[in-house]
Amino acid sequence: MLAKKAAEHNDVPVGAVVVNQNGKVIGRGKNEREKNNDPLAHAELIAIRDAAYNLNSWRFDDATLVVTLEPCAMCAGAIAQSRFTRVVFGAFDEKAGAAGSVWDLIRDPRLPNKIEVISGLLADESAQLLKDFFIKRR
């Protein structure tokens, strides 16, 4: 699991994949902020970059981003600009989520494209992974 691999480098355990319309994984990412000293190295952005490279395109009109934690505002902006059809996430981020909890940037009606948001996929498992990580850090 990508999220667990992130925790191995003391990064918050978040993993993401980009899936095309046929269900094939075309991009993968895990948090790497600590590993690479990069504030932009969120799982979603790494997965989007990987998929763009593999597709040789920045547009994901028929693709789905699946992530263990609700995207933050930075990632929500990248998702919107990348023209995703759908975002699926596990646990809500009650502090910085931008797909329905704190903000709902992904579904802002002023955006040029509509993005479907599905929440709660393996939510308990994703939330427990995060809780365990932060308990160990304290």
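Residues numbered from 1 in each chain as written. Predicted model: local features only at pLDDT ≥ 70, side-chain atom pairs only at ≥ 80, totals over all residues. Heavy atoms only, no water.

The name given to the chain in an unreviewed UniProt entry is tRNA-specific adenosine deaminase 2, and the organism recorded there is freshwater metagenome. The UniProt entry for the chain carries the following text under Sequence similarities (unreviewed entry): "Belongs to the cytidine and deoxycytidylate deaminase family. ADAT2 subfamily." Entered under Cofactor (unreviewed entry) in the UniProt record, the comment concerning the chain runs "Zn(2+)". (UniProt positions renumbered as here; feature names shortened; annotations may be inferred.)

A. Quick look at the packing of aromatic side chains. Applying the stated criterion across every chain, the model contains 3 aromatic pairs. Geometrically, the ring pair formed by F89 and F92 is edge-to-face, given 5.1 Å between the ring centres and 90° between the ring planes. The interplanar angle of 80° and the centroid separation of 5.1 Å between the aromatic rings of F133 and F134 together place this pair among those described as edge-to-face. Assessed through its relative accessible area of 8%, F133 is described here as buried. (Phe/Tyr/Trp six-rings, centres within 6.5 Å; stacked < 30°, edge-to-face > 60°. Buried < 20%, exposed > 50% of the residue type's maximum accessible area, 1.4 Å probe, protein only.)

B. Seen up close, the packing of helix 3 (residues 43-55) against helix 4 (residues 73-81). Closest axis-to-axis distance for the helix 3/helix 4 pair is 9 Å, and the angle between their directions is 25°. By the angle between their axes, helix 3 is roughly parallel relative to helix 4. In terms of crossing hand, the pair formed by helix 3 and helix 4 is left-handed. For the pair helix 3 and helix 4, the contacting residues are E44, L45 and I48 in the first and M74, C75, A78 and I79 in the second. Considered class by class, the residues forming the contact of helix 3 with helix 4 number 6 nonpolar, no polar and 1 charged. (Axes fitted to C-alpha atoms, helices over the stretch in contact; angles between N-to-C directions. Helix = DSSP H or I, 4+ residues; strand = E, 2+ residues; numbered from the N terminus. Parallel < 35°, antiparallel > 145°, perpendicular 65-115°, else oblique. Left-handed = near helix turned anticlockwise from the far one by under 90°. Contact = heavy atoms within 4.5 Å. Nonpolar A, V, L, I, M, F, W, Y, C, P; charged D, E, K, R; others polar.)

C. Representation of the pattern of salt bridges in the model. Within this structure, the stated rule accounts for 4 salt bridges. Across the pair K30 and E32 runs a salt bridge whose closest N-O atoms are separated by 2.9 Å. Between R86 and E116 there is a salt bridge; the shortest N-O distance is 2.8 Å. Placement of the pair is R86 in strand 4 (residues 86-91) and E116 in strand 5 (residues 116-119), with a sequence separation of 30 residues. With a relative accessible area of 27%, R86 lands in the partly exposed category. (Salt bridge = Lys/Arg side-chain N within 4 Å of Asp/Glu carboxyl O.)

D. Structural view of helix 3. Across its 13 residues, helix 3 extends 18 Å between first and last C-alpha, which sits within 8% of the 18 Å expected from 1.5 Å per residue. Tucked into the core, helix 3 has its buried residues touching strand 1 (15-19), strand 2 (25-30), strand 3 (64-69) and helix 4. Among the residues trailing helix 3, N56 stands out with phi positive, at a value near 60°. (Expected span 1.5 Å × (residues − 1).)

E. Up close: helix 4. Every buried residue belonging to helix 4 is among C75, A76, I79 and A80, and all of these are buried. The arc that holds the buried residues of helix 4, viewed along the axis, is 140°, so those residues lie on one side. In this structure, the buried side of helix 4 is in contact with helix 3, strand 3 and strand 4. (Arc of directions from axis to C-beta.)

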